[in-house]
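Residue-level structure breakdown
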Amino acid sequence: MQKYPCEVADTYAANAKALNSASDNYLGLNWVQAGNYAKEKVDLLCDATTLVQSAREINQYADHELGMNWVQAENYAKDWVEANLLNCQLPKAGDIKP
């Protein structure tokens, strides 16, 4: 509550949920790591609405089209997500002025 203003609460929740799901299912992290990753990266996510689908598609592309094994495909997807979807910034408390 002290780090983020109420105006971004819905975005924060959507980001955390999407990051947790994508990292657990497509980015090679176990459920504990996925939760920690979501907490770490939640304020960097640009578009929660497409994250899970994009992570799945990139993972499958690496697996099927690039011939990577499942570990390599997950690492590839994680690197892609970090480079392409984790480059925004949620406003912090004090950033939004009345």
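Details of the structure are given in the entry above.
Conventions and cut-offs
Residue positions within a chain follow its written sequence, with the count starting from 1. Given that this is a predicted model, residues contribute local features only at a pLDDT of at least 70 and side-chain atom pairs are listed and counted only at 80 or more, while totals for whole chains, interfaces and linings are drawn from all residues. With hydrogens and water set aside, each side-chain value is computed from the structure's full complement of heavy atoms. Disulfide assignment relies on a single distance test, namely cysteine sulfur atoms paired within 2.5 Å. Secondary structure elements are taken from DSSP: a helix is a run of H or I of four residues or more, a strand is a run of E of two residues or more, and numbering for both begins at the N terminus. Joining through side-chain atoms within 4.5 Å is the link that ties buried Ala, Val, Leu, Ile, Met, Phe, Trp, Tyr and Cys residues into a set, and such a set is a nonpolar core. When accessible area is computed with a 1.4 Å probe and restricted to protein chains, residues below 20% of their type maximum are described as buried, those above 50% as exposed, and intermediate ones as partly exposed. Every residue pair with non-hydrogen atoms within 4.5 Å of one another is taken to be in contact. A side-chain nitrogen of Lys or Arg and a carboxyl oxygen of Asp or Glu constitute a salt bridge if their distance falls within 4 Å. Only the stretch in contact is used when fitting a helix axis, every axis being a line fitted to C-alpha atoms; angles between N-to-C directions are given from 0 to 180 degrees. Any angle that is under 35 degrees is reported as roughly parallel, and any over 145 degrees as roughly antiparallel; angles of 65 to 115 degrees are reported as roughly perpendicular and all others as oblique. In this scheme the handedness of a crossing depends on how the near helix is turned from the far one: anticlockwise by less than a right angle means left-handed, clockwise means right-handed.

Tallied over the full model, the rule gives one disulfide. With its sulfur 2.0 Å from that of its partner, cysteine 46 forms a disulfide with cysteine 88. Classification of the bridge connecting cysteine 46 and cysteine 88 rests on its S-S torsion, roughly 105°, and on that basis the disulfide is right-handed. Remark: cysteine 88 occurs in the segment after helix 4 (70-84) and cysteine 46 occurs in the loop between helix 2 (31-41) and helix 3 (48-64); sequence separation between them is 42 residues.

This paragraph deals with the environment of arginine 56. Mapped onto the fold, arginine 56 is located in helix 3. Here the alpha-carbon distance between arginine 56 and leucine 27, two residues 29 residues apart in the chain, equals 8.7 Å.

In summary, soluble globular proteins display a tendency toward joint burial of nonpolar side chains. By size, the foremost hydrophobic cluster in this structure holds 19 residues, and its most contacted members are Leu19, Leu27, Leu45, Leu51 and Val81. Only helix 1 (9-25), helix 2, helix 3 and helix 4 provide two or more residues apiece to this core. If you tally residues by element for this core, the top one is helix 3, at four residues. Ignoring anything within four residues of it in the chain, the contact list for valine 81 reads Leu27, Leu51, Ala55 and Leu86.

Moving on, we come to the pattern of salt bridges. If you walk through the whole model with that rule in mind, you get one salt bridge. The partner of glutamate 82 in a salt bridge is lysine 78, and the shortest N-O contact between them spans 3.1 Å. A residue pair is termed a helical-turn pair when its members lie 3 or 4 positions apart in one helix, as glutamate 82 and lysine 78 do in helix 4 at four residues.

The next point concerns the packing of helix 1 against helix 2. Any two packed helices are characterised by how steeply their axes cross, that is the angle between the axes, and by the distance between the axes. Their axes nearest at 8 Å, the elements helix 1 and helix 2 cross at an angle of 140°. Overall, the two elements helix 1 and helix 2 adopt an arrangement that is oblique. When the axes of helix 1 and helix 2 are compared, the crossing they make is right-handed. Mapping the contact onto sequence places Ala16, Leu19, Asn20, Ser23 and Asp24 in helix 1 and Trp31, Ala34, Gly35, Tyr37, Ala38 and Lys41 in helix 2.

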